Amino acid sequence: MSRTAEDVLKMIKENEAKFVDLRFTDTRGKEQHVSVPASSFDIDKFEEGHAFDGSSVAGWKGIEASDMLLFPDPSTANLDPFMEDATIFMQCDVVEPSDGKGYDRDPRSIAKRAEAHLKSSGIGDMAFFGPEPEFFIFDSVRWDSDMSGCFCKIDSEEGSWSTGLKMEGGNSGHRPAVKGGYFPVPPVDSFQDMRSEMCLLLEQMGIPVEVHHHEVAGSGQNEIGTRFSTLVQRADWTQNLKYIVWNVAHTYGKTATFMPKPVVGDNGSGMHVHQSIWKDGKNLFAGDGYAGLSEFALYYIGGIIKHARALNAITNPGTNSYKRLVPGFEAPVKLAYSARNRSASIRIPHVSNPKARRIETRFPDPLANPYLCFSALLMAGLDGIQNRIHPGEPASKDLYHLPPEEDALIPTVCSSLDQALEALDKDREFLTRGGVFSNVMIDAYIELKMQEVQRFRMTTHPVEFDMYYSL
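What you see is a predicted model, and the numbers here were worked out from it, not measured in a lab.

## Things to note about the layout of surface pockets
Alright, step 1. Taken as a whole, the largest pocket holds about 2200 Å³ of empty space.
Alright, step 2. Around the largest pocket, the lining comprises 50 residues; the ones closest to its centre are Trp143, Cys152, Met259, Lys261 and Asn320.
Alright, step 3. Breaking the lining of the largest pocket down by element, the ones donating at least two residues are β9 (140-146), β10 (149-155), α5 (231-251), β14 (255-257), α12 (439-458) and α13 (462-468).
Alright, step 4. Looking at the lining of the largest pocket, the element that brings in the most residues is β10, giving five residues.
Alright, step 5. Its boundaries defined by the atoms lining it, the second largest pocket holds a volume of some 1300 Å³.
Alright, step 6. Along the wall of the second largest pocket there are 49 residues; nearest its centre are Glu132, Glu134, His272, Arg342 and Arg362.
Alright, step 7. Elements supplying a minimum of two residues to the lining of the second largest pocket: β8 (126-138), β11 (209-214), β12 (221-226), β15 (271-279) and α7 (321-324).
Alright, step 8. Residue composition of the lining of the second largest pocket, grouped by class: 16 nonpolar, 14 polar and 19 charged.

## Focus on empty space enclosed by the protein
Alright, step 1. On inspection of all chains with the given rule, the structure shows one cavity of 30 Å³ or more.
Alright, step 2. Of the pockets and cavities examined, the largest cavity occupies roughly 30 Å³.
Alright, step 3. As for the largest cavity, its lining consists of Ile314, Leu372, Leu424, Leu431, Phe437, Met441, Ile442 and Tyr445.
Alright, step 4. With three residues, α12 is the single largest residue contributor to the lining of the largest cavity.
Alright, step 5. By residue class, the composition of the lining of the largest cavity is eight nonpolar, no polar and no charged.

## What about the environment of Arg142?
Alright, step 1. Structurally, the position occupied by Arg142 is in strand β9.
Alright, step 2. Residues Arg142 and Ile154 lie 12 residues apart in sequence; the distance between their C-alpha atoms is 6.5 Å.

## Here's the deal with the packing of helix α10 (residues 417-426) against α12
Alright, step 1. Relative to each other, α10 and α12 sit at 160 degrees, their axes nearing to 10 Å. The angle between α10 and α12 falls in the class roughly antiparallel. When the axes of α10 and α12 are compared, the crossing they make is left-handed. Within the contact between the two elements, α10 uses Leu417, Asp418, Leu421, Leu424 and Asp425 and α12 uses Ile442, Tyr445, Ile446, Lys449, Met450, Glu452, Val453 and Arg457.

## Remarks on the nonpolar core
Alright, step 1. Counting 66 residues, the largest nonpolar core has Ile277, Leu378 and Phe437 as its most contacted members.
Alright, step 2. The leading source of residues in this core is helix α6 (residues 295-315), at 13 residues.
Alright, step 3. Of all hydrophobic cores here, the second largest spans 23 residues; its members include Val20, Phe24, Met68 and Met90.

## What about a negative patch on the surface?
Alright, step 1. A contiguous patch of negative charge, built from Glu6, Asp7, Asp42, Asp44, Glu47 and Glu48, is present on the exposed surface.
Alright, step 2. Contributing elements (two or more residues each) for the negative patch: α1 (5-14) and α2 (44-48).

## Notes on the packing of aromatic side chains
Alright, step 1. Here the structure, examined in full by the defined rule, presents 17 aromatic pairs.
Alright, step 2. With centroids separated by 5.7 Å and ring planes inclined at 35 degrees, the aromatic side chains of Phe24 and Trp60 adopt a geometry described as tilted. Residue Phe24 is found in strand β1 (residues 19-25), and its partner Trp60 is found in the loop between β3 (50-53) and β4 (67-72); the two are separated by 36 residues along the sequence. No difference in accessibility class separates Phe24 from Trp60, as the two residues are buried.
Alright, step 3. Considering the side-chain rings of Trp246 and Phe258, the 5.7 Å spacing of their centres and the 90 degrees angle between planes classify their relative orientation as edge-to-face. Of the two residues, Trp246 sits in helix α5 while Phe258 sits in the loop between β14 and β15, which places them 12 residues apart along the sequence.
Alright, step 4. Look at Phe258 and you get buried, because its relative accessible area is 4%.

## Topic: the environment of His33
Alright, step 1. Secondary-structure assignment places His33 in strand β2 (residues 31-37).
Alright, step 2. Along the primary structure His33 and Leu22 are separated by 11 residues, whereas in three dimensions their C-alpha atoms are 5.4 Å apart.
Alright, step 3. Filtering out sequence-adjacent residues up to four positions away, His33 remains in contact with Asp21, Leu22 and Arg23.
Alright, step 4. Polar side-chain contacts of His33 include one of 2.9 Å to the side chain of Asp21.

## Regarding the side chain of Asp236
Alright, step 1. Along the chain, Asp236 turns up in helix α5.
Alright, step 2. With relative accessibility at 4%, the residue Asp236 sits in the buried group.
Alright, step 3. Setting aside chain neighbours within four positions, we find Asp236 in contact with Thr76, Gln91, Arg108 and Tyr371.

## Points about the packing of α6 against helix α8 (residues 370-386)
Alright, step 1. It is the contact of α6 with α8, at a shortest axis distance of 6 Å, that shows an interaxial angle of 135 degrees. In terms of their interaxial angle, α6 and α8 are classed as oblique. In this structure, the crossing between α6 and α8 has a hand that is right-handed. Listed contacts from α8 to Phe296, Tyr299, Tyr300, Gly303, Ile304, Lys306, His307, Leu311, Ile314 and Thr315 of α6 are Leu372, Cys373, Ala376, Leu377, Leu378, Ala380, Gly381, Leu382, Asp383, Gly384 and Ile385.
Alright, step 2. Broken down by class, the residue content of the contact of α6 with α8 amounts to 14 nonpolar, five polar and two charged.

## Things to note about the pairing of β3
Alright, step 1. Of the two faces of β3, the one lined by His50 and Phe52 is fully buried and the one lined by Ala51 and Asp53 carries no buried residue.
Alright, step 2. Sheet topology note: the β3/β4 ladder contains four bridges and is antiparallel. Looking at β4, one finds that Ala51 is bridged to Leu69.

## Regarding the pattern of salt bridges
Alright, step 1. For the structure shown, the criterion picks out 22 salt bridges.
Alright, step 2. Between Arg347 and Glu360 there is a salt bridge; the shortest N-O distance is 2.6 Å. In this pair, Arg347 sits in strand β18 (residues 346-348) while Glu360 sits in strand β19 (residues 359-361), placing the two residues 13 residues apart along the sequence. Glu360 carries the same exposure label as Arg347, and that label is buried.
Alright, step 3. With a closest N to O distance of 2.7 Å, Asp425 and Arg428 form a salt bridge.
Alright, step 4. Through salt bridges with shared partners, one network takes in Asp73, Asp93, Arg108, Lys112 and Asp236.

Thresholds applied
Residues numbered from 1 in each chain as written. Predicted model: local features only at pLDDT ≥ 70, side-chain atom pairs only at ≥ 80, totals over all residues. Heavy atoms only, no water. 1 Å grid on protein atoms, 1.4 Å probe; cavity = no way out; pocket = protein on both sides within 12 Å on 5 of 7 lines; lining within 4 Å. Points joined across faces, edges and corners; volume = space filled by probe spheres on them. Helix = DSSP H or I, 4+ residues; strand = E, 2+ residues; numbered from the N terminus. Nonpolar A, V, L, I, M, F, W, Y, C, P; charged D, E, K, R; others polar. Axes fitted to C-alpha atoms, helices over the stretch in contact; angles between N-to-C directions. Parallel < 35°, antiparallel > 145°, perpendicular 65-115°, else oblique. Left-handed = near helix turned anticlockwise from the far one by under 90°. Contact = heavy atoms within 4.5 Å. Core = buried A, V, L, I, M, F, W, Y, C linked by side-chain atoms within 4.5 Å. Buried < 20%, exposed > 50% of the residue type's maximum accessible area, 1.4 Å probe, protein only. Patch = residues over 30% accessible without salt bridge, like charges linked within 9 Å, V, L, I, M, F, W, Y side chains within 5 Å. Areas by Shrake-Rupley, 256 points an atom, 1.4 Å probe, with all protein chains shown as cover. Salt bridge = Lys/Arg side-chain N within 4 Å of Asp/Glu carboxyl O. Lys, Arg positive; Asp, Glu negative; His and termini not counted. Charge placed at Lys NZ, Arg CZ, Asp CG, Glu CD. Phe/Tyr/Trp six-rings, centres within 6.5 Å; stacked < 30°, edge-to-face > 60°. Polar contact = N/O pair within 3.5 Å; in protein donor to acceptor, adjacent residues only side chain to side chain. Pairing = 2+ DSSP bridges.

Structure (structure tokens):
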């Protein structure tokens, strides 16, 4: 729904809202917020912005240049379903006060520049994205990491390890097996009502829901499929989806996570991203080539494959991401494309209507900042189109079970975050075209993420005691 600033002011009055919540997304992809009493919120907030301290956001400004402005986007206004006092929230752009432009490290501003770059290039006028973020819901989770050691422990009634537990009211025994969570009816699927509530809230916020179901992992893995949309709006919707999933789970006394690989020995959570480019109302990915694709779409795929290892730093931005992207375990690590073949990292879904023709990039995960993820994928695809990078022949075989000599010929995604950050450092020019990403932003991103790599490198892991203690 497209709302104006005047519509939002009317919405505040009609809902007797007590507060207006201004939200923005930091570099890591976490939404931040500040609340303004409705009595202090007027049209000036849309025209002049709301000041805040940018130096307190990890990876952003230094203390010597900290003043930033939040400009709320009225089209994103929604009534928050979780706040006790009626609260209207909006996603915001972060603006540099000195020049009135979107801050070069603000993810939403980067996404807006990516959309503008697509239009100015003349290649297309609209890019559609459809992410599929998977998530886990647990009963509780505990961890600790200090000088005395570290541990993590997941409690899940659905977990296969819970078969022998004594539970209040009895242990029903109805739970998915390891890798057995795909589509069983209740009571094996114990999250039906919770997911349904999440879906109703999403639709209440204007986000169309297409499907919801239990996912493959047997210990509480779920997915809610929502409709595709334009780049910035689809990133906004992804942030709202995460917010709803976390908070509905919380109201049920559960805890939800979008961590790619919280459970050892079962499927991890991905975020497959469907993409297409349109111009003058025409889907430029539709054609008469392989799987109904145009040559234009094949070049887009070629760009993603060429830059995949640099993309990994953005699409798979955590050390935990690479616990999922392990060869030989049915993960989308092989940089190849195929129709319907889910072992390839780029799949062309089977559709009957050419308007729905699209590609699906399967290696991203839901830890990714959606604004940065979608923008980076678009920029890689545009480079493929502009430089006519053909992706080669499609993969017709199961890439998980190739003979070693064939397996060695197919490139793979990165195997670690530090490897991905090194690739991004060397292969960044495609991201900086049109001023979409700046080198300063990429440098700050790499520095921020290397702090995570360093912390992980320096922390002794319990598995190391298992492997080395008695040697």
